Amino acid sequence: MNRRRTGPDHHTEWCARDHRCNLAEHRSAEILVDLPGHARAVLVRVRASDGREHAEIRVRVALADVDPAARCQLGTLLADLHDLVTHAAVTRRPRPGRTAA
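Residues numbered from 1 in each chain as written. Predicted model: local features only at pLDDT ≥ 70, side-chain atom pairs only at ≥ 80, totals over all residues. Heavy atoms only, no water.

1. A short note on the overall build of the chain
Check the secondary structure of the chain and you find one helix and four strands. Beginning at the N terminus, the succession of helices and strands in the chain can be written as β-β-β-β-α. Across the 101 residues of the chain, 12% fall into the buried class. Excluding contacts between residues fewer than 6 apart, the proportion of contacts in the chain whose partners are at least 24 apart in sequence is 15%. Split by element, the accessible area of the chain, about 8,500 Å² in all, is 56% carbon and sulfur. (Helix = DSSP H or I, 4+ residues; strand = E, 2+ residues; numbered from the N terminus. Buried < 20%, exposed > 50% of the residue type's maximum accessible area, 1.4 Å probe, protein only. Contact = heavy atoms within 4.5 Å. Areas by Shrake-Rupley, 256 points an atom, 1.4 Å probe, with all protein chains shown as cover.)

Set out below in structure tokens:
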């Protein structure tokens, strides 16, 4: 019988299979979204040593040169990030007896 091993010591199909895997974690290659001069985001899928999976996202956004405008940008960024994370967290795979939205 050919069993696919996916425990903490075995790479997943999406794993980068290199130095990014450490401490019994598995990490995907980085997915980049680049808006030159404006913003850059880096997404990495991670399977932790306990088997749970999560996404790590780093975002760099160019801010205005003047403080009031930069503060406004930061407020917008935080509000939108809150909405994005909340939406992603409640979007789950269907459980038995539950229909997908």
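2. As for the pairing of strand β4 (residues 53–61)
In terms of strand pairing, strand β3 (residues 39–47) meets β4 through nine bridges, oriented antiparallel. Paired with A39 across the strands is V61, a residue of β4. Hairpin connection of β3 to β4: five residues between the antiparallel strands, including G51 at a positive phi of 90°. (Pairing = 2+ DSSP bridges.)

3. Thoughts on the pairing of strand β2 (residues 31–35)
Pairing analysis gives five bridges linking β2 to β3, with the strands arranged antiparallel. Paired with D34 across the strands is R40, a residue of β3. Hairpin connection of β2 to β3: three residues between the antiparallel strands, including G37 at a positive phi of 85°.

4. Some remarks on the environment of V61
Within the element layout of this structure, V61 appears in strand β4. Sequence spacing of V61 and H38 is 23 residues, and the spatial spacing of their C-alpha atoms is 5.9 Å. The residues contacting V61, other than those within four sequence positions of it, are H38, A39 and L77.

5. Remarks on the confidence of the model for the chain
Taken over all residues, the pLDDT of the chain has a mean of 82, while the share at 70 or more is 75%. Element-level mean pLDDT values for the chain span from 88 in strand β1 (residues 26–27) up to 95 in β2. Scored below 50 in pLDDT, residues 1–8 makes eight contacts in the model with residues more than four places away or belonging to other chains. (pLDDT = per-residue confidence, 0-100.)

6. Considerations on the layout of surface pockets
Looking at the largest pocket, its volume works out to about 530 Å³. Together, 12 residues line the largest pocket, and E53, H54, A88, A89 and T91 are the ones closest to its centre. Within the residue set of the lining of the largest pocket, elements represented by two or more residues are β4 and α1 (67–90). Approximately 290 Å³ is the volume attributed to the second largest pocket. (1 Å grid on protein atoms, 1.4 Å probe; cavity = no way out; pocket = protein on both sides within 12 Å on 5 of 7 lines; lining within 4 Å. Points joined across faces, edges and corners; volume = space filled by probe spheres on them.)

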